[in-house]
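Listed here are the chains, written in short residue letters.
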Amino acid sequence: MALDQAANPDTAIVAPEPATDLDTVVILDFGSQYSQLITRRVREAGVYCEMLPCDVPAERALALRPRGVILSGGPNSVYEPGAPQLPAWVIESGVPILGICYGMQLLAHALGGRVAASQHREYGPAQITVTAPEGERGIFTGLPDALDVWMSHGDRIEALPPDFAPIAVSANSPHAAMADAGRHRYGIQFHPEVAHTPRGKDLLRAFLYEVCDCAASWTPRNFIESALDQIREQVGATGRVLCGLSGGVDSSVAAALIHRAIGDRLTPVFVNNGLLREGEAETVQEVFGRNFGMPLVYADASGQFLEELAGIFDPEQKRRRIGETFVRVFEAHAAGAGPFEFLAQGTLYPDVIESATPKDSRVAHKIKTHHNVGGLPEDMTFKLIEPLRFLFKDEVRAVGRELGLPAEIVERQPFPGPGLAVRLLGAVTAEDLATLRRADAIVRHEIESAGLGGAIWQFFAVLLPVRTVGVMGDLRTYGQVCAIRAVTSEDAMTADWARIPYDVLGRMSNRIVNEVEGINRIVYDITSKPPGTIEWE
Ligand code: XMP
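So, here is what we can say about the structure in this document. Only a predicted model underlies this, so the values are computations on that prediction, with no experimental measurement involved.

Across its full length, the protein holds 15 helices and 19 strands. Computed over C-alpha atoms, the radius of gyration of the protein comes to 25 Å, within 12% of the 24 Å expected from 2.2 N^0.38 for 537 residues, which places it in the range of a compact globule. Dimensions of the protein along its principal axes, counting C-alpha atoms only, are 75 × 65 × 40 Å. Within the protein, contacts between residues at least 6 apart in sequence are counted, and of these 74% link residues at least 24 apart.

This is how it looks when you write it as C-alpha cells:
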C-alpha cells in the first residue's frame, strides 16, 4: 500500500498495511457528506476498506488490490464542466463496482447512458420495488421486494448505458437501481449507508459478500496479527521506538501493540506539556503503572510549551507549535537515552482524513491540523510509526479490549493532543490555564456525579477571550466567559450536543461562577458537528 505524506517528504510513515492480506474495498470519495459513513458501514460489515479521494493516483488505489470499488455520492452534476469524473482505472481494473447516487450517475455517464436534471428533485424517504429476477438479485440478495430508502438527488438517469438493466424502480424513477450483473457493476440512486435506509446495511453486505466475494476478515484479532508482523518487519531486529503516551485510548493502545511486537525496545514517554487537565499527570502515571508491564518515562516540559505558545492566537499556529515542541522534547530524550530511530503515535483515521490538505485531494477540505498528523516539523529525523492510522476510534477500543487493556483505559474520554490550548481561545497564559482547569474540573465532576459520563462522548469547559459585565454581591464584575461543551457521538466525525438536564447545567453554572475567580458568565454550546467541530479550535 502506498502510504501518504509525512510533513517531511523524506520521513517515511510506517504503518501496518492491513490490506495486504485482508480482503479490501476502496471507497472513492466524490465529496458526499456521507462518504465516511460508507467507510464505517463497510468496516462494520467485517470488510477492510479505505476511503480515497476520487482523484487518487491509480497506482495507489490499485496497490490495495481492491475486491470492489464503491463510488460515493457528491454535490456535483456529472454533465457540468469541471465535475469529477469516473477515473479510467475503475472500469479498466474489472473489479465489481457499486455506484451510490452521484456514483451511479457517473457510471451511467461514463458507460454511455444519459443523465439529466430531474423534474422532481427526490429528497427524503421513498419506497422502491426491486424488479431483479430471483437468482439474479445481486446487491438485493436476501432482501424483500419492497424497501424503504433515503433519496437525496436532483439529477436522474434518463437512459441506461448498454448492458445495464433496471433492477429497482421508485414512484419517481424507473431507474432507482441498475445492474450490469455479468460485469458485477451496480448503481443505486438512494443511500444505503444512512440509518433512514433500514436495510441499507444488508444491501452493502450483499455487495461485499455476494458480488465482491469478500471474506468477513476485518476483526480486531486479524488486525492485531497483521499489525504485529508489520511492526516487527518495519522496526527490524534491533530498532528502538520512542512512543509519545498521553494516557488516552489511542496512544495507550498503540503502545500496547508495539510493546507486544518488540517488547522493551519500546520506550513510552509521557510529556507534561502544561496543557493537561486537573490531576491528569498523576492519574496517567498511576493508571499506566497499574496496567502496563513497562516503565514510563516522565518528561516535564510545561515551561517549554508555555514559552512556545506565548502570544500565539491563531489556532493552526498553536497546533503546529505544539506538534513541533512535542518532537523537540522527544528528540531531547532520544539524544540522552537513544538512539531511537522511530517515533510512535496513536494517530487515527479521522485525524488523517481531517488533516488531508487540498494537495491530497480536490474534494477533501482541511478542517484542522491534528498536531500529530500535520503539525510535525520538517526537519524531524524520526521515522513515524502510526499503527492505528487506518482505524476509527471504536475499532481502536475493540483492539484495546482484544489486547487485554482494562475499561479504565479503553473507555477513556478522548482528549486532544494539544490539550487545553485548543479550549483556551486566544493566547495561552498560565493564569488562564489555571482558571480553565478549575472550571473544567467542576464540569467533569458534576456530569460524572449525575451519572451521565457514560452516555456523553466528551464533556469539558472552554474559556473565551471575551469579558462580560455581571453583578455579584451588589458589586459590578467584568469577568471571563466559560462555555460548557458536551457532545454525543459515535466516532467524532459527527456529533450532537448532549441534552444535559437543566438542573445539572444549573449546578455547573452556579459552582463555576462561585468557585472560579474571574469567570462571571456560563454558556452552553448547542452546536452539532457539522457545522461546529467538537473542540472550539
Ligand atoms: P474536532 O474538534 O475536530 O475533534 O471535532 C474531533 C476529535 O478529535 C479530538 N481532537 C484531537 N485529537 N490531536 C488529537 O489527538 C488533535 O490535534 C485534536 N484535535 C481534536 C477531539 O477532542 C475530538 O475527540
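From this point on, the discussion continues.
A few words on the sheet that holds strand β2 (residues 24-29). Strand order in the open sheet made by the nine strands is β3-β2-β4-β5-β10-β9-β8-β6-β7, with mixed pairing throughout. Whereas interior strands pair on both sides, the edge strands pair on one side only; in this sheet they are β3 (48-53) and β7 (146-159). Averaged over all neighbouring strand pairs, the angle between strand axes comes to 20 degrees, with direction disregarded. As judged from the 12 bridges shared by strand β6 (residues 114-130) and β7, these two strands associate in the antiparallel manner.

Between side chains of opposite charge, pairing is possible as soon as their charged atoms come close. One pass over the full model with this rule turns up 32 salt bridges. Here E515 and R511 are joined by a salt bridge, their closest N and O atoms 2.7 Å apart. A residue pair is termed a helical-turn pair when its members lie 3 or 4 positions apart in one helix, as E515 and R511 do in helix α15 (residues 502-515) at four residues. The class for E515 is partly exposed, based on a relative accessible area of 36%.

Another point: the packing of aromatic side chains. For the structure on display, the rule yields 11 aromatic pairs. Both rings, one in Y48 and one in W218, keep their centres 4.7 Å apart while their planes meet at 50 degrees; by these two values the pair is tilted. On the criterion of sequence distance, the pair formed by Y48 in strand β3 and W218 in the loop between α5 (200-211) and α6 (220-235) is long-range, its members being 170 residues apart. Ring geometry for Y123 versus W150: centroids 5.7 Å apart, planes at 70 degrees, classification edge-to-face. Here Y123, found in strand β6, pairs with W150, found in strand β7; they are 27 residues apart in sequence, far enough to count as distant. Here the guanidinium or amino end of R40 rests over the ring plane of F392, the centre of that ring lying 5.3 Å away. Sitting above the plane of the F340 ring, R240 keeps its charged end 4.3 Å from the centroid.

Definitions and cut-offs
- Residues numbered from 1 in each chain as written.
- Predicted model: local features only at pLDDT ≥ 70, side-chain atom pairs only at ≥ 80, totals over all residues.
- Heavy atoms only, no water.
- Helix = DSSP H or I, 4+ residues; strand = E, 2+ residues; numbered from the N terminus.
- Rg over C-alpha atoms; globule rule 2.2 N^0.38 Å.
- Contact = heavy atoms within 4.5 Å.
- Pairing = 2+ DSSP bridges.
- Axes fitted to C-alpha atoms, helices over the stretch in contact; angles between N-to-C directions.
- Salt bridge = Lys/Arg side-chain N within 4 Å of Asp/Glu carboxyl O.
- Buried < 20%, exposed > 50% of the residue type's maximum accessible area, 1.4 Å probe, protein only.
- Phe/Tyr/Trp six-rings, centres within 6.5 Å; stacked < 30°, edge-to-face > 60°.
- Lys NZ or Arg CZ within 6 Å of the ring centre and 35° of its normal.

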